[in-house]
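Structural characterization, general
Next come the chains, spelled out residue by residue.
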Amino acid sequence: MLNRRHIRVKVMQSIYAMHQNGSDSLEKEEKFLLYSIENIQDLYLVMLSSLIEICKKEAVFLQRSSAKHLTTAEDRDPNKKFINNCIFQILAENNSLSIALENRKITNWSLNDDYILLLLAAIKESDLYVKYMSNRINTFEEDKQFIVSLFMEVIVPNEKLYEYLEDNKLTWVDDIPLVNTQIIKQLKAIKSAEDESFKVPKIYKDTEDKEFVTTLYRKTVLNESELAKEYIDKTPNWDTERIAEIDTIILKMAICEFLKFPSIPVKVTINEYLEIAKEYSTPKSSIFINGILDNLVKEFQANKKLVKTGRGLM
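Things to note about unusual backbone geometry
Most peptide bonds adopt trans geometry, and most residues besides glycine take a negative phi value. Notably, K105 is not glycine yet its phi reads approximately 55°, a positive angle. Along the chain, K105 turns up in the loop between α5 (95-103) and α6 (108-111). A relative accessible area of 65% places K105 in the exposed class. Even without being a glycine, K304 presents a positive backbone phi close to 55°. Note on placement: K304 falls in the segment after α16 (285-302). Residue K304 is classed as exposed on the basis of its relative accessible area of 72%.

Put into structure tokens, the structure is as follows:
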């Protein structure tokens, strides 16, 4: 689930928080970094389980409507196309998802079912729902497309849901796009109503990515003074004290990758940190950082300080 760019963002944010807190406990801050990454899976499970809970709430509503003392024809014979959607069924009956929800003790919606009711109301008010419910026939392709569109167009943009997630865990704010993209990708990949291949993804792609988190964090934090010396004299037109702190952290992390990660291509490092700067720093930051890094690469190459292994890594 986690990609290298998001790992870099998490490390950058942890170093920034460490600076802001004035903390000098590497072990404590690293532990929180890893904790915040582990919580990405909780966010994934919370978002995905919202679909299951929405279906359950509607099923309960239909059952109670049919049991009323005074019922309408619609109450007695409701359109059950929504609750019969095969994607809801696949998720509700998926072992991987059920085990993960139990293991991670995800009980958010049982404690906060008012948000599920809000989402269900928003769904029923949508044109998407009205169009889908215009008949009573369930087909796999329509069911899947409906759930994908529902998630993308109604659930994800819901402001109340976003506020809940933000209040629940502040570290989730930057993880929401990553998690939602993963869920949409998986929903689109379901091939049939009998498809049992859906699996809760691992946080890290492999052990190398997991090690990258702590290695990048430690090598940057433990060598901050040394790394800063590499760019301090390369900013004649910039007041060093007025350079955005996020920019200084990005520069240190990029230089750390240049010098201490021989298997990561220079171009990959530069491109990744320029994109991070565009999203998390000032409008001019990416131009400033690009200029510094380009000059440093030339200098490192001339001084033979840049040692990269493998083909095409320069």
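Re a negative patch on the surface
Together, E159, E163, E166 and D167 give the surface a local cluster of negative charge. Among the structural elements, E163 can be located in helix α10 (residues 159-168). With a relative accessible area of 37%, E163 lands in the partly exposed category.

Quick notes on the packing of helix α2 (residues 26-66) against α5
At a closest axis distance of 11 Å, the pairing of α2 and α5 adopts a crossing angle of 120°. One finds that α2 runs oblique with respect to α5. Here the hand of the crossing between α2 and α5 comes out left-handed. Residues L45, L48, S49 and I52 of α2 form the contact with α5, whose participating residues are L97, A100 and L101. Across the contact of α2 with α5, the residue classes tally to six nonpolar, one polar and no charged.

Some points on α5
Turning to α5, its buried residues number three or more, namely S96, L97, A100 and L101. One face of α5 carries all of its buried residues, which in axial projection span an arc of 125°. Facing away from the buried surface of α5 by more than 90 degrees, the exposed residues are N95, E102 and N103. Sitting at the head of α5, N94 places a side-chain oxygen 3.1 Å from the backbone nitrogen of S96. Positive backbone phi, approximately 55°, marks K105, located one or two places after α5.

Let's talk about the packing of aromatic side chains
Counted under the stated rule, the structure contains nine aromatic pairs. Consider the rings of F82 and F146, whose centres lie 6.1 Å apart with planes at 80°: the pair is edge-to-face. Of the two residues, F82 is situated in the loop between α3 (73-76) and α4 (86-92) and F146 in helix α9 (residues 140-155); the sequence distance between them amounts to 64 residues. Given a relative accessible area of 1%, F82 falls into the buried group. Between Y132 and F146, the aromatic rings sit 3.8 Å apart at their centres with planes inclined by 5°, giving stacked as the arrangement. Pair noted here: Y132 is in helix α8 (residues 127-132) and F146 is in helix α9, with a separation of 14 residues, a long-range link.

Quick look at the layout of surface pockets
With a probe scaled to a water molecule rolled over the atoms, the places where space remains empty come into view. Looking at the largest pocket, its volume works out to about 320 Å³. For the lining of the largest pocket, the elements supplying multiple residues, two or more each, are α1 (4-21), α11 (176-189) and α15 (266-280). A per-element tally of the lining of the largest pocket places α11 first, with five residues. Here the lining of the largest pocket is built from residues that sort into seven nonpolar, four polar and four charged.

Conventions and cut-offs
- Residues numbered from 1 in each chain as written.
- Predicted model: local features only at pLDDT ≥ 70, side-chain atom pairs only at ≥ 80, totals over all residues.
- Heavy atoms only, no water.
- Helix = DSSP H or I, 4+ residues; strand = E, 2+ residues; numbered from the N terminus.
- Buried < 20%, exposed > 50% of the residue type's maximum accessible area, 1.4 Å probe, protein only.
- Patch = residues over 30% accessible without salt bridge, like charges linked within 9 Å, V, L, I, M, F, W, Y side chains within 5 Å.
- Areas by Shrake-Rupley, 256 points an atom, 1.4 Å probe, with all protein chains shown as cover.
- Salt bridge = Lys/Arg side-chain N within 4 Å of Asp/Glu carboxyl O.
- Lys, Arg positive; Asp, Glu negative; His and termini not counted.
- Charge placed at Lys NZ, Arg CZ, Asp CG, Glu CD.
- Axes fitted to C-alpha atoms, helices over the stretch in contact; angles between N-to-C directions.
- Parallel < 35°, antiparallel > 145°, perpendicular 65-115°, else oblique.
- Left-handed = near helix turned anticlockwise from the far one by under 90°.
- Contact = heavy atoms within 4.5 Å.
- Nonpolar A, V, L, I, M, F, W, Y, C, P; charged D, E, K, R; others polar.
- Arc of directions from axis to C-beta.
- Polar contact = N/O pair within 3.5 Å; in protein donor to acceptor, adjacent residues only side chain to side chain.
- Phe/Tyr/Trp six-rings, centres within 6.5 Å; stacked < 30°, edge-to-face > 60°.
- 1 Å grid on protein atoms, 1.4 Å probe; cavity = no way out; pocket = protein on both sides within 12 Å on 5 of 7 lines; lining within 4 Å.
- Points joined across faces, edges and corners; volume = space filled by probe spheres on them.

Take it as geometry only, folks, not as evidence of what the structure does.
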